[in-house]
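# Observations on the three-dimensional arrangement
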Amino acid sequence: VIGLDVMEAGPRGIKRLFPSLDAVIGSMQSLPFRSASFDGAWCLGVIEMVKEKARAFDEAARVLKPGARLAVYDFVAIDDQEHFPEFETEVTLIDLFEHSALHVVKHGDLPELAEAPDGWTNAVVDVRNEVARRHSSDARFLDADRNLSEFINLRSSGRIRECHFVLERSER
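First things first, this report covers the structure right here in the doc. Keep in mind that what you see is a predicted model, and the values were worked out from it rather than measured.

## Considering the overall build of the protein
From N to C terminus, the protein includes five helices and six strands. Mapped from its N terminus to its C terminus, the protein presents α and β elements in the order β-α-β-β-α-β-α-β-α-α-β. Its C-alpha atoms give the protein a radius of gyration of 17 Å, near enough to 16 Å, the size a compact globule of 172 residues would have. If one aligns the C-alpha atoms of the protein with their principal axes, the spans along those axes are about 45 × 40 × 35 Å. Considering only contacts within the protein whose residues lie at least 6 apart along the sequence, 70% involve residues at least 24 apart.

This is the structure in structure tokens:
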């Protein structure tokens, strides 16, 4: 299992929460892995952060072995919204996946999830507080914090919703 994040703090947080996991700094638009090197992958809540989504899905297909699966959990726009371009509709994402040789096995509303294990919430809060302490004067952190507030408003207003996709890397 390998974790990936674009910012240095991400892999540090992963290592803190899950010491036995490997974590690297990298971008979904240019994954630092060989072609056909993964039997499976998952992507949690990052699609809206990727500007070149088609390129990211091409990269995901590249590093997955044929027949490998990719699970995606993210937020989708309820409808096409010009003022929230980072959130695609479910239909648009399906088209992008299929174009990238990622066949949609199933998709839809997020299934009911169990509560997080004891200690996870505290660990996540600890990591978030540590990142804030170290980077509170960094413009990128302040921008990310503003984006988080906007995201919370979009979600609570019902303009975006949670969605999951199970994709399978097809033979090209």
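## Some thoughts on the pattern of salt bridges
Using the criterion set out here, one finds 13 salt bridges in the structure. Residues D109 and R161 are paired through a salt bridge, measuring 2.7 Å at the closest nitrogen-oxygen approach. In this pair, D109 sits in the loop between strand 5 (102-108) and helix 4 (120-135) while R161 sits in strand 6 (residues 160-169), placing the two residues 52 residues apart along the sequence. You can call R161 partly exposed: its relative accessible area is 24%. For D143, the salt bridge identified is with R146, shortest N-O distance 3.3 Å.

## A word on the packing of helix 1 (residues 9-17) against helix 4
At a minimum axis distance of 10 Å, the contact between helix 1 and helix 4 shows a crossing angle of 145°. Remark: the crossing between helix 1 and helix 4 carries right-handed chirality. Across from A9, R12, G13, R16 and L17 in helix 1, the residues of helix 4 making contact are A123, V124, D126, V127, E130, V131, R134 and H135.

## Section: the environment of R128
Of note, R128 is situated in helix 4. When its relative accessible area of 35% is taken as the criterion, R128 is described as partly exposed. The spatial distance from the C-alpha of R128 to the C-alpha of A9 is 9.7 Å, given a sequence separation of 119 residues. The residues touching R128, leaving out its near neighbours within four places in the chain, are F141, D145 and L148.

## Let's talk about the environment of R16
Mapping R16 onto the fold places it in helix 1. For the pair R16 and A123, spaced 107 residues apart in sequence, the C-alpha separation works out to 8.2 Å. Residues contacting R16, with those up to four places away along its chain left out, are D126, V127 and E130.

## Description of the packing of aromatic side chains
Within the structure shown, the criterion is met by seven aromatic pairs. Taking 6.3 Å as the distance between ring centres and 25° as the angle between the ring planes, the aromatic pair formed by F87 and F151 counts as stacked. Taken together, the positions of F87 in the loop between strand 4 (64-77) and helix 3 (90-99) and F151 in helix 5 (residues 139-157) put the pair 64 residues apart, joining distant regions of the chain. For the residue pair F87 and F151, the accessibility class agrees, reading buried in each case. Seen from their ring centres, F97 and F165 are 5.0 Å apart, and the 70° between their planes marks the pair as edge-to-face. Residue F97 is found in helix 3, and its partner F165 is found in strand 6; the two are separated by 68 residues along the sequence. Like F97, the residue F165 is buried in the burial classification. What links up through ring pairs into an aromatic cluster is the set Y73, F75, F87 and F151.

Rules used in this analysis
Residues numbered from 1 in each chain as written. Predicted model: local features only at pLDDT ≥ 70, side-chain atom pairs only at ≥ 80, totals over all residues. Heavy atoms only, no water. Helix = DSSP H or I, 4+ residues; strand = E, 2+ residues; numbered from the N terminus. Rg over C-alpha atoms; globule rule 2.2 N^0.38 Å. Contact = heavy atoms within 4.5 Å. Salt bridge = Lys/Arg side-chain N within 4 Å of Asp/Glu carboxyl O. Buried < 20%, exposed > 50% of the residue type's maximum accessible area, 1.4 Å probe, protein only. Axes fitted to C-alpha atoms, helices over the stretch in contact; angles between N-to-C directions. Left-handed = near helix turned anticlockwise from the far one by under 90°. Phe/Tyr/Trp six-rings, centres within 6.5 Å; stacked < 30°, edge-to-face > 60°.

Don't take any of this as a statement about function, it's just geometry.
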